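Fold and geometry: a report
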Amino acid sequence: HLVRTAHGWIYWSQSLVDDAADAFLAALEADPDRLEAEPVAESLRLGIYSVEGHYFAQNRLDKARTFHRRLFDTYRDNPDWTNNYAFACREVGLALAAQDELEDAQAVWQESWRAYTRTVELAPEDVRLVNDRALIAVYYLEDETHLPLAEQELHRATQLGQQQLAELPGDVPARERRDLDEAVGDAWENLAYLDVMRRQRLDRAEDFLTQAVKHFPFESRPGVVAIRSEIERLRSENP
């Protein structure tokens, strides 16, 4: 394990990041049980964090996706890594869709859903992660089989988030409070999007949007504007 990991760090020191990635993954695949508990210096865990950080910093999302897919095949118990895998897939899917490669985009988004699902299993009370998993089904997947779970999880995110906001200590950093508040608002907004954009259902959407704008960034949420515009369009067509 130490020799294989050292190979990865030699490549890393020479800025051969792709070779380092292969070496670190090979070390993990040889014996996953030897993965260190903490990312200490020269460790395999730190090597994996370093490679993924480099790929994201360089916006090499295809490389980030393939790296994390191989990582996911061997080790699925780190929510940071599974979340980053899901995010990379989401962004790669958006790039494919922008090039009208819609079938490939759908396949990659299904990959994202699987990775987010594992992430939520590992961190079931993280409101942002619960929302992000649901978002894949609500916004991107043509397959509607995941929508009931997505809706259920969005409602859970709003309830969980409100409880967590109420329990935050007074000295919590403002950024932490704002991020949680934003995640709660996103969940409400995504419930409205699901009803209006996916189901053309209008009876609950305004209530969802009213809740959404109570949370950061409040009335400046661009998604709320788009959903309300669609509500008006649907009402004009079906007075």
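What you see is a predicted model, and the numbers here were worked out from it, not measured in a lab.

1. Description of the pattern of salt bridges
Throughout the structure, instances matching the rule amount to 29 salt bridges. The closest approach of N and O atoms between Asp-22 and Arg-70, which form a salt bridge, is 3.4 Å. Highlighted residues: Asp-22 in helix α2 (residues 17-30) and Arg-70 in helix α4 (residues 61-74), separated in sequence by 48 residues. Assessed through its relative accessible area of 29%, Arg-70 is described here as partly exposed. The partner of Asp-186 in a salt bridge is Arg-221, and the shortest N-O contact between them spans 2.7 Å. Of this pair, Asp-186 sits in helix α9 (residues 174-199) while Arg-221 sits in the loop between α10 (205-212) and α11 (222-237), and the two are 35 residues apart along the sequence. Across the pair, Arg-221 and Asp-186 agree in class, each one buried. The network of salt bridges with common partners includes Arg-128, Asp-132, Glu-182, Asp-186, Glu-189 and Arg-221.

2. As for the packing of α2 against helix α3 (residues 44-57)
At their nearest, the axes of α2 and α3 sit 10 Å apart, and the two run at 140° to each other. Seen from above, α2 lies across α3 with left-handed handedness. Of the residues in α3, those touching α2 at Val-17, Asp-18, Ala-21, Phe-24, Ala-27 and Leu-28 are Leu-44, Gly-47, Ile-48, Val-51, His-54 and Tyr-55. Its residues assigned to classes, the contact of α2 with α3 comprises 9 nonpolar, 2 polar and 1 charged.

3. As for the packing of aromatic side chains
The tally for this structure, following the rule as stated, stands at 12 aromatic pairs. A ring pair is formed by Trp-109 and Tyr-140, whose centres lie 4.8 Å apart and whose planes are at 20°; its orientation type is stacked. Placement of Trp-109 in helix α6 (residues 102-122) and of Tyr-140 in helix α7 (residues 127-140) is noted, with a sequence separation of 31 residues between them. Arranged with centres 3.8 Å apart and planes meeting at 20°, the rings of Tyr-139 and Tyr-193 form a pair that is stacked. Residue Tyr-139 is located in helix α7, and its partner Tyr-193 is located in helix α9; the two are separated by 54 residues in the primary sequence.

4. Considering helix α1 (residues 2-13)
With 12 residues, α1 should reach 16 Å at 1.5 Å per residue; the first-to-last C-alpha distance of 16 Å fits that figure. All of the buried residues along α1 are Thr-5, Gly-8 and Trp-9. One face of α1 carries all of its buried residues, which in axial projection span an arc of 95°. Looking at the residues trailing α1, positive phi occurs at Ser-15, about 60°.

5. What about the nonpolar core?
Counting residues in hydrophobic clusters, the biggest one holds 50 residues, and the most contacted among them are Val-127, Ile-136, Val-138 and Ile-227. For this core, the elements supplying multiple residues, two or more each, are α4, α5 (79-98), α6, α7, α8 (147-167), α9, α10 and α11. The element best represented in this core is α9, accounting for 10 residues. When near neighbours in sequence (up to four residues on either side) are disregarded, Ile-136 contacts Arg-90, Trp-109, Ser-112, Trp-113, Tyr-116 and Leu-141. Counting 19 residues, the second largest nonpolar core, distinct from the first, contains Ala-20, Leu-28, Tyr-75 and Trp-81.

6. Some words on unusual backbone geometry
The residue after Phe-216, namely Pro-217, is reached through a cis peptide bond having omega 0°. The residue Glu-42 is not glycine, and still its phi comes out positive at about 65°. As for its position among the elements, Glu-42 is in the loop between α2 and α3. The backbone of Asn-59 sits at a positive phi, close to 60°, despite the residue not being glycine. Counting through the fold element by element, Asn-59 comes out in the loop between α3 and α4.

7. Remarks on the side chain of Arg-90
Locating Arg-90 in the fold gives a position in helix α5. According to the relative accessible area criterion, Arg-90 is buried, its value standing at 15%.

The rules behind each value
Residues numbered from 1 in each chain as written. Predicted model: local features only at pLDDT ≥ 70, side-chain atom pairs only at ≥ 80, totals over all residues. Heavy atoms only, no water. Salt bridge = Lys/Arg side-chain N within 4 Å of Asp/Glu carboxyl O. Helix = DSSP H or I, 4+ residues; strand = E, 2+ residues; numbered from the N terminus. Buried < 20%, exposed > 50% of the residue type's maximum accessible area, 1.4 Å probe, protein only. Axes fitted to C-alpha atoms, helices over the stretch in contact; angles between N-to-C directions. Left-handed = near helix turned anticlockwise from the far one by under 90°. Contact = heavy atoms within 4.5 Å. Nonpolar A, V, L, I, M, F, W, Y, C, P; charged D, E, K, R; others polar. Phe/Tyr/Trp six-rings, centres within 6.5 Å; stacked < 30°, edge-to-face > 60°. Expected span 1.5 Å × (residues − 1). Arc of directions from axis to C-beta. Core = buried A, V, L, I, M, F, W, Y, C linked by side-chain atoms within 4.5 Å.

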